[in-house]
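Examining the three-dimensional arrangement
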Amino acid sequence: ALTLSLCKARARGGREGTVASARVEDFRSAGNPATMAQSLEEWYKEMPVVTRTYLTLAFLTTVLCSLEIISPFTVYFNLKLITQKMQLWRLVSNFFFFGNLGLDFLFHMFFLTRYCRLLEEGSFRSRTADFIYMLLFGGVLLLICASFAQIQFLGQSLTFMMVYVWARRNQHVNMS
């Protein structure tokens, strides 16, 4: 935001883009609801495609379940229902449900957004197919483990897998 404000200040020919004028511009636009809404929209549109898609599906599934528009019983992982009743959507839908709306949900959305985006823009830059393959491979392994461990929802596990992969690829970064 500071860089954008500097560019705006220089374009206006004002005080030649000083830091002070940029901070004043940031202060003026900080409380403007239109600016905040626009920046939220820009933030969402700037997200890489896989991260944006997964975040959107996870958010919508969780909110729809919380509003009781759809039932969590229709999205949970159940191997018996998948094999006997051919409810194949359960192989995928269980990765999109993150429990009740609350602080735990917000933290998981933060982790999902941050680390999925960092992986997609960093380690998998310009290799979207490889990133999707990694997610599919991790998802299949989680489904195999869930079959034995009786885990119904794997969205949190997939998110933690992305945090783990990012941490292994960025061992030099201190996390506090």
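About the thresholds
Residues numbered from 1 in each chain as written. Predicted model: local features only at pLDDT ≥ 70, side-chain atom pairs only at ≥ 80, totals over all residues. Heavy atoms only, no water. Helix = DSSP H or I, 4+ residues; strand = E, 2+ residues; numbered from the N terminus. Expected span 1.5 Å × (residues − 1). Buried < 20%, exposed > 50% of the residue type's maximum accessible area, 1.4 Å probe, protein only. Contact = heavy atoms within 4.5 Å. Core = buried A, V, L, I, M, F, W, Y, C linked by side-chain atoms within 4.5 Å. Phe/Tyr/Trp six-rings, centres within 6.5 Å; stacked < 30°, edge-to-face > 60°.

On to helix H8 (residues 128-149), then. In this model, H8 (22 residues) spans 31 Å end to end at C-alpha, consistent with the 32 Å of a helix rising 1.5 Å per residue. The set of residues buried in H8 consists of Phe131, Met134, Leu135, Gly138, Gly139, Leu142, Leu143 and Ala146. Against helix H4 (49-66), helix H6 (90-93), helix H7 (103-121) and helix H9 (155-169) lie the buried residues of H8. At the exit of H8 stands Gln150, carrying a positive phi of roughly 55°.

Core analysis: the largest hydrophobic core is formed by 30 residues, its most contacted members being Tyr54, Leu119, Phe131, Met134, Leu135, Leu158 and Met162. For this core, the elements supplying multiple residues, two or more each, are H4, H7, H8 and H9. With residues near it in sequence (within four places) discarded, Leu158 still touches Tyr54, Phe95, Leu135, Gly139 and Leu142.

What follows deals with the packing of aromatic side chains. For any pair of aromatic rings, geometry is given as the distance between the ring centres together with the angle between the planes. Evaluated as defined, the whole model comprises 10 aromatic pairs. Relative to Phe137, the ring of Tyr133 has its centre 6.4 Å away and its plane inclined at 25°; by these criteria the two rings are stacked. Taken together, the residues span about one helical turn, with Tyr133 and Phe137 both in helix H8 at a distance of 4 residues. One aromatic cluster in this structure is built from Phe110, Phe111, Tyr115, Phe160 and Trp166.

Here Gln87 lies in the loop between helix H5 (79-84) and H6. Look at Gln87 and you get buried, because its relative accessible area is 15%. Gln87 has contacts with Leu81 and Ile82, leaving out every residue within four places of it along the chain.

Another point: H4. When the terminal C-alpha atoms of H4 are compared, their 26 Å separation across 18 residues agrees well with the 26 Å that a helix rising 1.5 Å per residue should span. All buried positions along H4 are accounted for by Val50, Thr51, Tyr54, Leu55, Ala58, Thr61, Thr62, Val63 and Cys65. Of the residues one or two after H4, Glu68 is the one with positive phi, at around 60°.

Time to look at unusual backbone geometry. Non-glycine residue Ser126 carries a positive phi angle of around 60°. Note on placement: Ser126 falls in the loop between H7 and H8. The residue Gln150 is not glycine, and still its phi comes out positive at about 55°. Within the secondary structure layout, Gln150 lies in the loop between H8 and H9. Among the residues examined, Gln150 registers a relative accessible area of 57% and is labelled exposed.

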